[in-house]
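Listed below, chain by chain, are the residues.
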Amino acid sequence: MVREIYEHELGELLELYTHLHESGVPDDSDNLKNTWRRIMSDPSHHIIVCEENGRIVSSCVCVIIPNLTRNVRPYAFVENVVTHSDFRGRGYATACLDYAKEIAEKENCYKIMLLTGSKSEATLSFYKNAGYNCTDKTAFIMWL
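Residues numbered from 1 in each chain as written. Predicted model: local features only at pLDDT ≥ 70, side-chain atom pairs only at ≥ 80, totals over all residues. Heavy atoms only, no water.

1. Some remarks on the overall build of the chain
A count of helical and extended segments in the chain gives 4 helices and 5 strands. Scanning the chain from its N terminus toward the C terminus, one meets helices and strands in the order β-α-α-β-β-β-α-β-α. Over its C-alpha trace the chain gives a radius of gyration of 15 Å, about what one expects of a compact globule, namely 15 Å for 144 residues. Dimensions of the chain along its principal axes, counting C-alpha atoms only, are 40 × 35 × 35 Å. Partitioning the contacts of the chain with sequence separation of at least 6, the portion at a separation of at least 24 is 61%. Averaging the positions of the 15 positive and the 20 negative side-chain charges in the chain gives two centres separated by 7 Å. (Helix = DSSP H or I, 4+ residues; strand = E, 2+ residues; numbered from the N terminus. Rg over C-alpha atoms; globule rule 2.2 N^0.38 Å. Contact = heavy atoms within 4.5 Å. Lys, Arg positive; Asp, Glu negative; His and termini not counted. Charge placed at Lys NZ, Arg CZ, Asp CG, Glu CD.)

2. Remarks on a nonpolar patch on the surface
Together, Leu-115, Ile-141 and Trp-143 make up a nonpolar patch on the protein surface, roughly 390 Å² of accessible area in all. Structurally, Leu-115 can be placed in the loop between strand E5 (112-114) and helix H4 (121-129). (Patch = residues over 30% accessible without salt bridge, like charges linked within 9 Å, V, L, I, M, F, W, Y side chains within 5 Å. Areas by Shrake-Rupley, 256 points an atom, 1.4 Å probe, with all protein chains shown as cover. Salt bridge = Lys/Arg side-chain N within 4 Å of Asp/Glu carboxyl O.)

3. Overview of the layout of surface pockets
Put simply, the largest pocket is a space of about 1700 Å³. As for the largest pocket, its lining consists of 50 residues, and the residues nearest its centre are Leu-114, Leu-115, Thr-116, Tyr-127 and Tyr-132. Within the residue set of the lining of the largest pocket, elements represented by two or more residues are strand E4 (75-83), helix H3 (92-106), E5 and H4. Broken down by element, the residue count for the lining of the largest pocket peaks at 7 residues, all from E4. Taken together, the residues of the lining of the largest pocket break down into 24 nonpolar, 15 polar and 11 charged. Estimated volume of the second largest pocket: approximately 390 Å³. Leu-14, Tyr-17, Leu-32, Thr-35 and Ile-39 are, among the 18 residues lining the second largest pocket, the residues nearest its centre. Here the lining of the second largest pocket gets 5 residues from one element, more than from any other, and that element is helix H2 (residues 30-41). (1 Å grid on protein atoms, 1.4 Å probe; cavity = no way out; pocket = protein on both sides within 12 Å on 5 of 7 lines; lining within 4 Å. Points joined across faces, edges and corners; volume = space filled by probe spheres on them. Nonpolar A, V, L, I, M, F, W, Y, C, P; charged D, E, K, R; others polar.)

4. With respect to the pairing of strand E2 (residues 45-52)
Across the 8 residues of E2, 6 count as buried, placing the element largely inside the fold. The pairing of strand E1 (residues 2-4) with E2 spans 3 bridges and is classified as antiparallel. Note that in E2 the partner of Glu-4 across the bridge is Ile-48. Between the end of E2 and the start of strand E3 (residues 55-65), which pair antiparallel, lie 2 residues, with Asn-53 showing a positive phi angle near 50 degrees. (Buried < 20%, exposed > 50% of the residue type's maximum accessible area, 1.4 Å probe, protein only. Pairing = 2+ DSSP bridges.)

5. Focus on the packing of aromatic side chains
In this structure the tally under the stated criterion is 2 aromatic pairs. Between Tyr-75 and Tyr-110, the ring centres sit 6.4 Å apart and the planes meet at 75 degrees, which makes this aromatic pair edge-to-face. One end of the pair, Tyr-75, is in strand E4; the other, Tyr-110, is in the loop between H3 and E5, and 35 residues separate them in sequence. Here Lys-111 stacks its cationic end above the ring of Tyr-75, 5.6 Å away from the centre of that ring. (Phe/Tyr/Trp six-rings, centres within 6.5 Å; stacked < 30°, edge-to-face > 60°. Lys NZ or Arg CZ within 6 Å of the ring centre and 35° of its normal.)

6. Some words on the state of the cysteines
With the rule as written, the count across this model stands at 0 disulfides. Of all cysteine sulfurs, the one in Cys-60 lies closest to Cys-134, which takes part in no disulfide; the gap is 19 Å. (Disulfide = S-S within 2.5 Å.)

7. Describing the sheet that holds E1
Taken in spatial order, the 5 strands of this open sheet run E1-E2-E3-E4-E5, and their pairing is mixed. Strands with a single pairing partner mark the edges of an open sheet, and in this sheet they are E1 and E5. The sheet shows a mean angle of 30 degrees between the axes of neighbouring strands, taken without regard to direction. Those strands touched by helix H1 (residues 10-17) are E2, E3 and E4, and its axis lies near 95 degrees from that of E3. (Axes fitted to C-alpha atoms, helices over the stretch in contact; angles between N-to-C directions.)

Below, the structure is given as structure tokens:
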């Protein structure tokens, strides 16, 4: 089942993120709690999860960003696409991305952007098969 996350599922999400690039779950700090509260109260910030047998096995984030160009249409940014390593290859991440696309369409977005740090041909093919392309734009990142 694909849906948006519930507030009480932060711990489970953080555990899932260890299958992304995190080396562990962050400490239960005031910063973590405040950030979670801000995310959960922001109607433009969507954390999408896919669950199997009551367990979150895949997720992505979709943020809707207001915009003054393209006839004042917003755009969506997708980040933190992850599937638990024991559940990969079953279509769960694709289902999360499809849900993000539904949100973007409902919000009248003119595009969805997604960045990946992966150079794996399997990962790049996955995103291409999900409808994304890597030829229209060039991405630059400045790490802070």
